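Report on the structure
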Amino acid sequence: MENKYPQTFEVIELCLLAGKIMLQCGAETYRVEDTMTRIAAALGIPNSHSYVTPTGIVFSTDDTNPAKLIRISERTTDLYKVTLVNGVSRKVSSGEMTREQAFLKLKEIENANYTFPIYQQILAASIASACFMVMFQGEWNNFIPALITGGVGFTSFIFLHRVVQIKFFSEFIASFIIGILSILFIKAGLGTQLDKIIIGSVMPLVPGLLITNAVRDLMAGHLVSGLSKGAEAFLTAFAIGAGIAVVFSFLS
Amino acid sequence: MTIIINLMTSFIAAAAFGVIFNAPKKSLLQCGFVGMFGWLIYISLVNHNHDAVLASLIAAIFISAISQVFAKIYRTPIIIFSVAGIIPLVPGGIAYDAMRNFVENDYNMAIQLAARAFMISGAIAVGLVISEVIYQLIMKARLKLKKA
């Protein structure tokens, strides 16, 4: 009984670390809870409880041990890390990995940076913008303007987000820049369909992942996290819309 | 010809979104495929004069189904594939039109468009959930068969 507690603490640490990485990288709430419960069960704590919201995780064993809380302040989207943590939890459940190995591996995942280089992301965003412009029945002569505005918009979003910590503000400014640039392209005679260029360029900023996750969480019964993710998605969409709207109100 | 262009652009766009969301490099092609498939269903339904809400619902069901299969094959979380597939369906264009009408003081039109954007996002979500429920039912049936 005496030496049971230290080990329990380490298991809790491990579960919280796994949950923290997953939540920071944009996994669904039910997946985070599922992963933590699975790891705990595999390491000898069958009745653990976890309460996951987008801003924090509470994890407790069904024991006299105190519950532990972890705060999540920064959330990005990094599906590769989610996949990696998922793999670790699978290996722990099947017994291929011990607690120490899993902990070391998770620490390594947490500190590593697997994202694509910034220029590749920007390139991807510009190509996606141009392709969306075509998919929304735009004409081909708007291809290059959409490519450039989408790229510039996404770039300004990334760099503003580094300077200003408020995400909604950087989204607002980024969509404002997109609006201005698109109008300039039209005025210069390089593009013809203002609407299509703007819609295409805005697409990389649209909170598609958030909306999907919010609804999935709501349906799975995670009402608190579903609603808060929904609020985040709504605010993002509102910021983007407002940025474009400001440009239009100057125009008219 | 337009169908081929649509297929190509949707494939590239979905794969590019995989890059932005940092999906594993190995699964980028599958992301593109899921996006292309979903968009193909959506655009063919819309071109045959079906409502965009219905088209989004059906496309979302199929996207989620393929994502389940891919997630099973490649042993990755389903979210990687479903997100890439959903992105083209998100009613960005309608939401934009609604916002523009709001600014231009045409509130009647704006509310109509906003309601429409809301309906489409709801349809996408319901489609995802329907597909998941069907998958769970199949899984339960299989488990019972194994036990029996």
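Chain B has the name Threonine/serine exporter in an unreviewed UniProt entry, where Cytobacillus horneckiae is given as its organism. Quoted verbatim from the Subcellular location (unreviewed entry) heading of the UniProt record, the comment on chain B is "Cell membrane". Note on chain B: under the UniProt heading Sequence similarities (unreviewed entry), the record states "Belongs to the ThrE exporter (TC 2.A.79) family."

Chain A goes by Threonine/serine exporter in an unreviewed UniProt entry, where it is assigned to Cytobacillus horneckiae. Looking at chain A in UniProt, the text filed under Sequence similarities (unreviewed entry) is "Belongs to the ThrE exporter (TC 2.A.79) family."

Bringing the interface of chain A and chain B into the picture now. In this assembly, 49 residues from chain A lie in contact with 40 residues from chain B. Between chain A and chain B, roughly 4000 Å² of surface is buried when both sides are summed, and carbon and sulfur atoms account for 77% of that area. Contact with chain B buries surface across chain A, with A:Leu79, A:Phe116 and A:Met135 losing the most and accounting together for 18% of the total. Remark: the boundary between chain A and chain B carries one salt bridge. When the shortest N-O distance is used, the salt bridge between B:Arg100 and A:Asp195 registers 2.5 Å. Across the chain A-chain B interface, the total number found is six residue pairs in polar contact (both at pLDDT 80 or more).

What follows covers helix α9 (residues 208-219) of chain A. Between its first and last C-alpha atoms α9(A) spans 17 Å; for 12 residues at 1.5 Å apiece the expected length is 16 Å, and the two agree. Burial in α9(A) covers these residues: A:Gly208, A:Leu209, A:Leu210, A:Thr212, A:Asn213, A:Ala214, A:Arg216 and A:Asp217. Here the buried face of α9(A) lies against α2 (29-42), α7 (167-187) and α10 (223-251) of chain A together with α4 (79-86) and α6 (107-147) of chain B.

What follows deals with the packing of α7(A) against helix α8 (residues 194-202) of chain A. Residues and elements named next belong to chain A. Closest axis-to-axis distance for the α7/α8 pair is 10 Å, and the angle between their directions is 145 degrees. In the crossing of α7 with α8, the sense of the turn from one axis to the other is right-handed. Taken together, the residues of α8 that come into contact with α7 (itself represented by Ile178, Gly179, Ser182, Ile183 and Ile186) are Leu194, Ile197, Ile198, Ser201 and Val202.

The next subject is the UniProt feature "transmembrane region" (unreviewed entry) in chain B. Residue and element names in this part refer to chain B. Per the UniProt entry, the sites bearing "transmembrane region" (unreviewed entry) are residues 6-23, 28-46, 52-71, 78-96 and 116-138 in this numbering. Along residues 52-71 the backbone is 100% helical and 0% strand, and the end-to-end C-alpha distance reaches 28 Å. As annotated, residues 78-96 has a helix share of 68% and a strand share of 0%, and its two end C-alpha atoms lie 29 Å apart.

All names here are of chain A. Bridge count between strand β1 (residues 49-53) and strand β2 (residues 56-60): five bridges; the pairing is antiparallel. Within β2, the residue paired with Thr53 across the bridge is Gly56. In this structure, the hairpin formed by β1 and β2 is closed by a connection of two residues.

Phi angles above zero are rare outside glycine, and A:Gln137 is one such case at about 60 degrees. Mapped onto the secondary structure, A:Gln137 falls in the loop between α5 (118-135) and α6 (143-163). Although it is not a glycine, B:Arg75 adopts a positive phi angle of roughly 55 degrees. Within the element layout of this structure, B:Arg75 appears in the loop between α3 (52-74) and α4.

On to the environment of B:Met36. All names here are of chain B. With respect to the secondary-structure elements, Met36 resides in helix α2 (residues 28-47). When the C-alpha atoms of Met36 and Ile63 are compared, they prove to be 9.6 Å apart, with 27 residues separating the residues in sequence. Filtering out sequence-adjacent residues up to four positions away, Met36 remains in contact with Leu7, Ser10 and Phe11.

Residue and element names in this part refer to chain A. Read from one edge of the open sheet, three strands run β1-β2-β3, paired in antiparallel fashion. Sheet topology places β1 and β3 (68-71) at the edges, where each strand pairs with a single neighbour. Strand-to-strand twist in this sheet, taken as the mean axis angle between neighbours without regard to direction, amounts to 10 degrees. Helix-sheet contacts for α2 involve β1 and β2, and the interaxial angle to β1 is about 155 degrees.

Reading the values: the criteria
- Residues numbered from 1 in each chain as written.
- Chains lettered and ligands numbered in written order.
- Predicted model: local features only at pLDDT ≥ 70, side-chain atom pairs only at ≥ 80, totals over all residues.
- Heavy atoms only, no water.
- UniProt positions renumbered as here; feature names shortened; annotations may be inferred.
- Contact = heavy atoms within 4.5 Å.
- Buried area = accessible area lost by both parts, 1.4 Å probe.
- Salt bridge = Lys/Arg side-chain N within 4 Å of Asp/Glu carboxyl O.
- Polar contact = N/O pair within 3.5 Å; in protein donor to acceptor, adjacent residues only side chain to side chain.
- Helix = DSSP H or I, 4+ residues; strand = E, 2+ residues; numbered from the N terminus.
- Expected span 1.5 Å × (residues − 1).
- Buried < 20%, exposed > 50% of the residue type's maximum accessible area, 1.4 Å probe, protein only.
- Axes fitted to C-alpha atoms, helices over the stretch in contact; angles between N-to-C directions.
- Left-handed = near helix turned anticlockwise from the far one by under 90°.
- Pairing = 2+ DSSP bridges.

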